[in-house]
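# Residue-level structural notes
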Amino acid sequence: MALEHAILVSLTERAGSGYELARRFDRSIGYFWPATHQQIYRVLRRMDEAGWVTHTEIAQEGRPDKKVYRVSAAGREELTRWLAEPVEPAVLRDGLSVKLRGASLGDTSAVLREVERHRAEHAGLLEVYRGIQRRDFPKPDRLNGRQLHQYLVLRGGVRAEESFVAWCDEVIQALRSERTP
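Residues numbered from 1 in each chain as written. Predicted model: local features only at pLDDT ≥ 70, side-chain atom pairs only at ≥ 80, totals over all residues. Heavy atoms only, no water.

Okay, the pattern of salt bridges next. Taken as a whole and assessed by the stated rule, the structure comprises ten salt bridges. Here Arg176 ties to Glu116 by a salt bridge, and the two come within 2.4 Å at their closest N and O atoms. Highlighted residues: Arg176 in helix α7 (residues 145-179) and Glu116 in helix α6 (residues 108-136), separated in sequence by 60 residues. Look at Glu116 and you get partly exposed, because its relative accessible area is 26%. (Salt bridge = Lys/Arg side-chain N within 4 Å of Asp/Glu carboxyl O. Helix = DSSP H or I, 4+ residues; strand = E, 2+ residues; numbered from the N terminus. Buried < 20%, exposed > 50% of the residue type's maximum accessible area, 1.4 Å probe, protein only.)

Shown next as C-alpha cells:
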C-alpha cells in the first residue's frame with residue numbers, strides 16, 4: 001500500500017488541510033500506517049498534480065493561505081481500484097525477535113531489559129487503543145458502515161497489542177527463570 005491510499009481513505013472520511021491531515025494521522029490512521037508530516041505534505045502535492053485531490057485555498061490573517069483538500073472523482077476511482085486489488089499478507093519483521101534468537105550469543109540480561117522495554121511500549125499503546133475504543137465506540141454492537149470498519153481496524157490493533165504484551169510476558173518469565181537455576 002502506498003501512503004496515497006491511506007490519505008485518500010482519510011480525506012474521503014473528512015476533507016482537511018495538510019496540517020489537519022497530519023494531526024489525524026497522529027491520532028488514528030497513523031497507528032496502522034505511520035507517516036511524517038513532511039511525507040504527508042509531499043504526497044499531497046503529488047496527489048494534487050495527479051488529479052486525485054483538489055484543494056480550495058482559504059485566506060488566513062498573518063499566516064499563509066490554508067489549502068483544504070478533498071478527494072476528486074479521479075481519486076475516488078483510484079481508491080475503488082485499490083480497494084478491489086489484493087494486498088499481500090503482513091510479514092512480521094521484528095528486530096526484537098532476532099535479538100531474542102541470538103540472546104545466548106551475548107548478554108541475555110540486556111535482551112531481557114529490551115523485551116521489558118518493548119512490553120512497556122506495547123502495553124502503553126494497548127491502553128491508548130482501549131481508550132479510543134471506550135471513547136469512540138461505546139456500543140460496538142450498534143455500528144455499521146464506516147464506523148464499523150473503523151472499529152474493526154481498532155480491534156485488530158487491540159488484539160495485536162494484547163498478543164504482543166502476552167508474548168513479552170512469556171519471554172520475560174522464561175528468561176528470568178533461565179537465569180535462576
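Another aspect to go through is the UniProt feature "domain: Transcription regulator PadR N-terminal" (unreviewed entry) in the protein. According to UniProt, the feature "domain: Transcription regulator PadR N-terminal" (unreviewed entry) maps to residues 7-80 in the numbering used here. Helix makes up 53% of residues 7-80 and strand 26%, whereas the separation of the span's terminal C-alpha atoms amounts to 14 Å. (UniProt positions renumbered as here; feature names shortened; annotations may be inferred.)

The next thing to look at is the packing of helix α1 (residues 3-13) against helix α3 (residues 37-50). Axis separation between α1 and α3 bottoms out at 10 Å; the angle between their running directions is 85 degrees. Between α1 and α3, the angle is such that the two are roughly perpendicular. Packed against α1, whose contacting residues are Leu3, Glu4, Ile7, Leu8 and Leu11, the element α3 presents Gln39, Ile40, Val43, Leu44, Arg46 and Met47 at the interface. (Axes fitted to C-alpha atoms, helices over the stretch in contact; angles between N-to-C directions. Parallel < 35°, antiparallel > 145°, perpendicular 65-115°, else oblique. Contact = heavy atoms within 4.5 Å.)

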